[in-house]
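So the chains spell out like this:
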Amino acid sequence: MHKKLPTDDMVSTKGISLASKCSLCEEQAESVNHLFMGCTFAMMVWKMFLDCFEVSWPDIEDLPHLAQWWIKKCRVLVLKKPWSMGLVIVAENIWKEKNSRRYEGRSLSHVSVFEKIKRDFQDSKITISNKLPHISDLMCCQRLGLIINPKRPSETLEIFWCKPPSGWAKLNVNGSSMGNPGRAGAGGVIRNDLGVVIGSFLRVFLGFNQIM
Ligand SMILES: [Zn+2]
């Protein structure tokens, strides 16, 4: 992006002289560093994004250092993907807003530009794990309008009890233990070939190697 975008300062290096004024703040001449970093309007948009992550704007004045800081910050953040994408999406929307104001005469507030940024995130279909370790990460997703992957519902298994053959009885048993040694229990039900309960038992015991 640096030295590739046709900002006024870059155009003037091609020998084209022009009176430059930033279309976003209308306060200073337009340069790459001003447009994306020094501009009061751009700064408000960046801050809305950084606030989502509860990150403060760094004391940096040029784009290469901003990119380095962004990469470094990514290492300590949980939501790495949205953070990485944010550098491009926010810068792209600042650039589009500048062009819209200069060439189409249409302007949006910094809040509306941020709403567009949120829509870009939603359109990207970015997936967020439902295993977020901190409530602040969850809040960040809500502020950016990111959808967290819903937990996959556990599979439902339908179980039938089948009658034993005629003249037979069926014993169904189950048990569990809370550790070993630990509290444990077991129970069983005996039914005949008509499904009628003809006997049952329940046993709770401690330890292991005990035989009921
Ligand atoms: Zn400006």
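All figures in this text were calculated on a predicted structure; none of them were measured in a lab. (Residues numbered from 1 in each chain as written. Predicted model: local features only at pLDDT ≥ 70, side-chain atom pairs only at ≥ 80, totals over all residues.)

Student: Sorry if this is basic, but what is going on with the overall build of the protein here?
Tutor: When you go through the protein residue by residue, the secondary structure sums to 7 helices and 3 strands. Written out in order from the N terminus, the α and β elements of the protein read α-α-α-α-α-α-α-β-β-β. Sequence-distant contacts in the protein: of pairs separated by 6 or more residues, those separated by 24 or more amount to 44%. (Helix = DSSP H or I, 4+ residues; strand = E, 2+ residues; numbered from the N terminus. Contact = placed C-beta atoms within 7 Å.)

Student: Just checking my understanding: could you explain unusual backbone geometry for this structure?
Tutor: Where the residue is not glycine, phi is negative for most of them; where a peptide bond is considered, it is trans in most cases. The phi angle at glutamate 54 is positive, at roughly 55°, despite the residue not being glycine. For lysine 125, which is not a glycine, the phi torsion comes out positive at approximately 55°. Looking at where lysine 125 falls in the secondary structure, it is placed in the loop between helix 6 (110-123) and helix 7 (135-144). C-beta crowding within 10 Å serves as the criterion here: with 7 such atoms nearby, lysine 125 is assigned to the exposed category. (Buried ≥ 20, exposed ≤ 12 C-beta atoms within 10 Å, placed from the backbone.)

Student: Hey, could you run me through the nonpolar core in this one?
Tutor: Within soluble globular proteins, side chains that are nonpolar tend to cluster in buried spots. Counting 28 residues, the largest nonpolar core has Leu35, Phe36, Ala42, Val45, Val90 and Ile94 as its most contacted members. Elements supplying a minimum of two residues to this core: helix 2 (32-38), helix 3 (40-52), helix 5 (80-104), helix 6 and helix 7. The element contributing the most residues to this core is helix 3, with 6 residues. (Core = buried A, V, L, I, M, F, W, Y, C linked by C-beta atoms within 7 Å.)

Student: Even after reading the chapter, I still don't get the environment of cysteine 140, so can you show me in this structure?
Tutor: Within the fold, cysteine 140 resides in helix 7. As a C-alpha pair, cysteine 140 and aspartate 51 span 89 residues in sequence and 8.5 Å in three-dimensional space. Setting aside residues up to four positions removed in sequence, cysteine 140 forms contacts with Cys52, Phe53 and Leu79.

Student: Please clarify how the packing of helix 3 against helix 5 should be interpreted in this entry.
Tutor: For any two helices packed against each other, the geometry comes down to the angle between their axes and how far apart the axes lie. Axis separation between helix 3 and helix 5 bottoms out at 10 Å; the angle between their running directions is 150°. As the angle between them shows, helix 3 and helix 5 are arranged roughly antiparallel. Along this stretch, helix 3 crosses helix 5, giving a crossing that reads as right-handed. Together, Ala42, Val45, Trp46 and Phe49 of helix 3 and Gly86, Val90 and Ile94 of helix 5 make up the contact between the two elements. (Axes fitted to C-alpha atoms, helices over the stretch in contact; angles between N-to-C directions. Parallel < 35°, antiparallel > 145°, perpendicular 65-115°, else oblique. Left-handed = near helix turned anticlockwise from the far one by under 90°.)

Student: In this structure, what is going on with helix 6? I would like to understand it.
Tutor: Every α-helix winds through 3.6 residues per turn, so residues three or four apart in the chain are directed the same way. Spanning 14 residues, helix 6 covers 20 Å between terminal C-alpha atoms, matching the ideal 20 Å at 1.5 Å per step. For helix 6, every residue scored as buried is listed here: Val113, Phe114, Ile117 and Phe121. The buried residues of helix 6 occupy an angular sector of 100° when projected down its axis, which confines them to one face. Among the exposed residues of helix 6, those oriented more than 90 degrees off its buried face are Val111, Ser112 and Asp123. Looking at the buried side of helix 6, the elements it contacts are helix 3, helix 5 and helix 7. A positive phi of about 55° marks lysine 125, the residue just after helix 6. (Expected span 1.5 Å × (residues − 1). Arc of directions from axis to C-beta.)

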